[in-house]
Amino acid sequence: MKKILVPTDFSANANKALKYAAEIAKAAKAEILLINVCDAVDTPFTDKSFVEQKYNLPVEEATQKELLLLQKELSENYQLKVEAQMY
C-alpha cells in the first residue's frame, strides 16, 4: 500500500499542502500518514514535573486533538485512510 507522509504545524500553508496531498492520495489510491512534531520543554533549572504539567501536557493534548480533527476531516471529505501521529 502506498503512503504519503504529510507533516503539519496546523498553519494555513500546512493546511493547503494537506489538501493537495489528499487529492494526490485519492488519485493514487494511497493512505496518508499525518504527523506533527511537538517540541517538549526540558530544562535543568526547575522541577521537570512542573514544566511537564504546566506546559508539555496541555500542548500535547491540544496537538493530539487537532490531529484527530484533521484525520476525521480527511477521512470523511476524501474517503481516505488517514493515520495521525504525534512525535
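Just so it is clear, the structure is predicted and the values come from calculations on it, not from any experiment.

So, how was this worked out
- Residues numbered from 1 in each chain as written.
- Predicted model: local features only at pLDDT ≥ 70, side-chain atom pairs only at ≥ 80, totals over all residues.
- Heavy atoms only, no water.
- Helix = DSSP H or I, 4+ residues; strand = E, 2+ residues; numbered from the N terminus.
- Expected span 1.5 Å × (residues − 1).
- Buried < 20%, exposed > 50% of the residue type's maximum accessible area, 1.4 Å probe, protein only.
- Arc of directions from axis to C-beta.
- Core = buried A, V, L, I, M, F, W, Y, C linked by side-chain atoms within 4.5 Å.
- Contact = heavy atoms within 4.5 Å.
- Salt bridge = Lys/Arg side-chain N within 4 Å of Asp/Glu carboxyl O.

1. A look at helix α1 (residues 12–28)
Taking 1.5 Å per residue, 17 residues should reach 24 Å; α1 reaches 24 Å between its end C-alpha atoms and fits that length. All of the buried residues in α1 are Ala-14, Leu-18, Ala-21, Ala-22 and Ala-25. Down the axis of α1, the buried side of the element spans an arc of 110 degrees, and every buried residue falls inside it. Of the exposed residues in α1, those oriented more than 90 degrees away from the buried face are Ala-12, Asn-13, Lys-16, Tyr-20, Ile-24 and Ala-27.

2. Section: the nonpolar core
Counting residues in hydrophobic clusters, the biggest one holds 15 residues, and the most contacted among them are Ile-32, Leu-34, Leu-74 and Leu-80. Of all the secondary structure elements, the ones that give two or more residues to this core are α1, β2 (31–36), α2 (48–78) and β3 (82–86). Aside from chain neighbours lying at most four places away, what touches Leu-74 is Leu-18, Ala-22, Ile-32, Gln-79, Leu-80 and Val-82.

3. So, the pattern of salt bridges
Evaluated as defined, the whole model comprises 3 salt bridges. A salt bridge links Glu-31 to Lys-81; its shortest N-O distance comes to 3.8 Å. Of this pair, Glu-31 sits in strand β2 while Lys-81 sits in the loop between α2 and β3, and the two are 50 residues apart along the sequence. Through salt bridges with shared partners, one network takes in Lys-3, Glu-31, Lys-81 and Glu-83.

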